[in-house]
Every structure is written in C-alpha cells, then in structure tokens.
Amino acid sequence: MAEATTRPGKGTYKCKNCGTEVTLDDQGDQLPPCPSCGNKYFDEV
Ligand SMILES: [Zn+2]
C-alpha cells in the first residue's frame, strides 16, 4: 500500500476508494491525494 504525501517511487498507484490510477514517472515525485475523490490510500498496480 502507498499513502499520499509520501514518495513511493516510480509506478502506477490505484486509489483504494474509487480505483483512479495515478502514475508517478520520477523517483522523487510525491504521491498526491486521489484527483477524483481525495482519498489518501493507494495500492501499487
Ligand atoms: Zn479515489
């Protein structure tokens, strides 16, 4: 699991609440809250 505001690394993360996928393409990118529902918890895809 990954949490918003952390830097989990490159990859695609799927919102545990609504399933929206967020892709981080840089190792230093911060995972934002879900752009669709604001949820902070994601699963790695
Ligand atoms: Zn969501």
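This report concerns the structure included in the present document. Every chain is numbered independently, its residues counted from 1 as its sequence is written. Whole-chain, interface and lining totals are the exception, using all residues; otherwise, since this is a predicted model, local features are given only for residues with pLDDT of at least 70 and side-chain atom pairs are given and counted only at 80 or more.

Focus on the sheet that holds strand β3 (residues 21-24)
Argument step 1. If you trace the four strands from one edge of the open sheet to the other, you get β1-β4-β2-β3, paired in antiparallel fashion. Of all strands in the sheet, those bounded by a partner on one side alone are β1 (2-3) and β3. Think of it this way: DSSP has to see at least two bridges between two strands before they count as a pair. Per the convention used, a helix needs a DSSP run of H or I reaching at least four residues, while a strand needs a run of E reaching at least two, with both numbered from the N terminus.

Some words on the environment of P35
Argument step 1. Looking at the element boundaries, P35 is found in the loop between β3 and β4 (41-44).
Argument step 2. For P35 and C15, which are 20 residues apart along the polypeptide, the C-alpha to C-alpha distance reads 9.4 Å.

Some thoughts on the nonpolar core
Note on soluble globular proteins: their nonpolar side chains tend to be buried together.
Argument step 1. Joining buried Ala, Val, Leu, Ile, Met, Phe, Trp, Tyr and Cys residues through C-beta atoms within 7 Å gives a set, and that set is a nonpolar core. Backbone-placed C-beta atoms define the burial measure: a residue is buried with 20 or more other C-beta atoms within 10 Å of its own, exposed with 12 or fewer, and partly exposed in between. Judged by nonpolar contacts, Y13, C15, V22, C34 and F42 together constitute the single largest core of five residues.
Argument step 2. Note on contacts: each residue gets a C-beta atom placed from the backbone, and two residues are in contact if those atoms are within 7 Å. The residues contacting C34, other than those within four sequence positions of it, are C15, N17, C18, T20 and N39.

What to know about the environment of T6
Argument step 1. Its place among the elements puts T6 in the loop between β1 and β2 (11-15).
Argument step 2. The class of T6 is exposed, set by 11 C-beta atoms lying within 10 Å.

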